Amino acid sequence: ELIESFVEEVLRLEAPAQGLPRFPTRDVDLHGVTIPAGSTVFVMYGSANHDESVFDDADDMVLDRRARGHSKPHLAFSVGPHFCLGARLARTEGRLALERLLPHMSDLSLSTNRSPERSANPLLRGFSRLDLVFGAAHDDLAHRPPLGQFAYRRDDFAQRVHRADVWAHLAV
């Protein structure tokens, strides 16, 4: 299904955790460089997920990547003993959210009034501002605040969006 492929490609391209520090317990030689025991190494998963030697068209969203025979997993949730315990839940939440929201969002688009703003945190990727426009098809609830324009800002989310109304609209 395209939604599952989309979730995997978004995780690969825009992994929420871009990297984490690691602390070698012994000296390690890597490509002619010695990393001393006890030092801090910052592993950049986000960069590895864009590696052209691993992923064809690494900077593009390719929804049929697996159908093309590419089976190498991305590192959005790390690997081995550091693999994220919440990976399955995150994938399921993303899939369910899209399955539930997309039928109601046929004319969803980015607002042209403001550009998206990325959060400044180098470890966690996300937006501090993302203005979306819901088309006229979503303004059919006259007794509720209009859903015509929706601005997401973490600091004022509760004041600008009536969450109960959004969920009530989606439950229709």
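The structure displayed is predicted, hence computed values, not measured ones.

Draft legend 1. Main features of a negative patch on the surface. On the surface, Asp-51, Glu-52, Asp-56, Asp-59 and Asp-60 cluster together into a negatively charged patch. The residue Asp-59 is located in the loop between helix H2 (45–48) and helix H3 (87–101) in this model. What makes Asp-59 exposed here is its relative accessible area of 53%.

Draft legend 2. Representation of the pattern of salt bridges within the structure. In the structure shown here, the tally under the stated rule is 11 salt bridges. Residues Glu-14 and Arg-125 are paired through a salt bridge, measuring 2.4 Å at the closest nitrogen-oxygen approach. With Glu-14 in the loop between helix H1 (2–13) and strand E1 (20–22) and Arg-125 in the loop between strand E6 (117–118) and strand E7 (127–134), the pair connects residues that are 111 residues apart, well separated along the chain. In this structure, Arg-114 engages Glu-117 in a salt bridge whose closest nitrogen and oxygen atoms are separated by 2.4 Å. Among the residues examined, Glu-117 registers a relative accessible area of 26% and is labelled partly exposed. Connected through salt bridges with shared partners, the residues Glu-4, Arg-95 and Glu-99 form a single ionic network.

Draft legend 3. Focus on H1. For H1, spanning 12 residues, the distance from its first C-alpha to its last is 16 Å, which sits close to the expected 16 Å at 1.5 Å a residue. For H1, every residue scored as buried is listed here: Ile-3, Val-7, Glu-8, Glu-9, Leu-11, Arg-12 and Leu-13. Elements in contact with the buried residues of H1: H3.

Draft legend 4. Main features of the packing of aromatic side chains. Per the counting criterion, the structure on display carries one aromatic pair. Here the aromatic rings of Phe-77 and Phe-83 are separated by 6.4 Å at their centres, their planes lie at 70 degrees, and the arrangement is edge-to-face. Phe-77 gets classed as buried once you look at its relative accessible area, which sits at 9%. Residue Phe-83 is classed as partly exposed on the basis of its relative accessible area of 38%.

Basis of the calculations
- Residues numbered from 1 in each chain as written.
- Predicted model: local features only at pLDDT ≥ 70, side-chain atom pairs only at ≥ 80, totals over all residues.
- Heavy atoms only, no water.
- Patch = residues over 30% accessible without salt bridge, like charges linked within 9 Å, V, L, I, M, F, W, Y side chains within 5 Å.
- Areas by Shrake-Rupley, 256 points an atom, 1.4 Å probe, with all protein chains shown as cover.
- Salt bridge = Lys/Arg side-chain N within 4 Å of Asp/Glu carboxyl O.
- Lys, Arg positive; Asp, Glu negative; His and termini not counted.
- Charge placed at Lys NZ, Arg CZ, Asp CG, Glu CD.
- Helix = DSSP H or I, 4+ residues; strand = E, 2+ residues; numbered from the N terminus.
- Buried < 20%, exposed > 50% of the residue type's maximum accessible area, 1.4 Å probe, protein only.
- Expected span 1.5 Å × (residues − 1).
- Contact = heavy atoms within 4.5 Å.
- Phe/Tyr/Trp six-rings, centres within 6.5 Å; stacked < 30°, edge-to-face > 60°.

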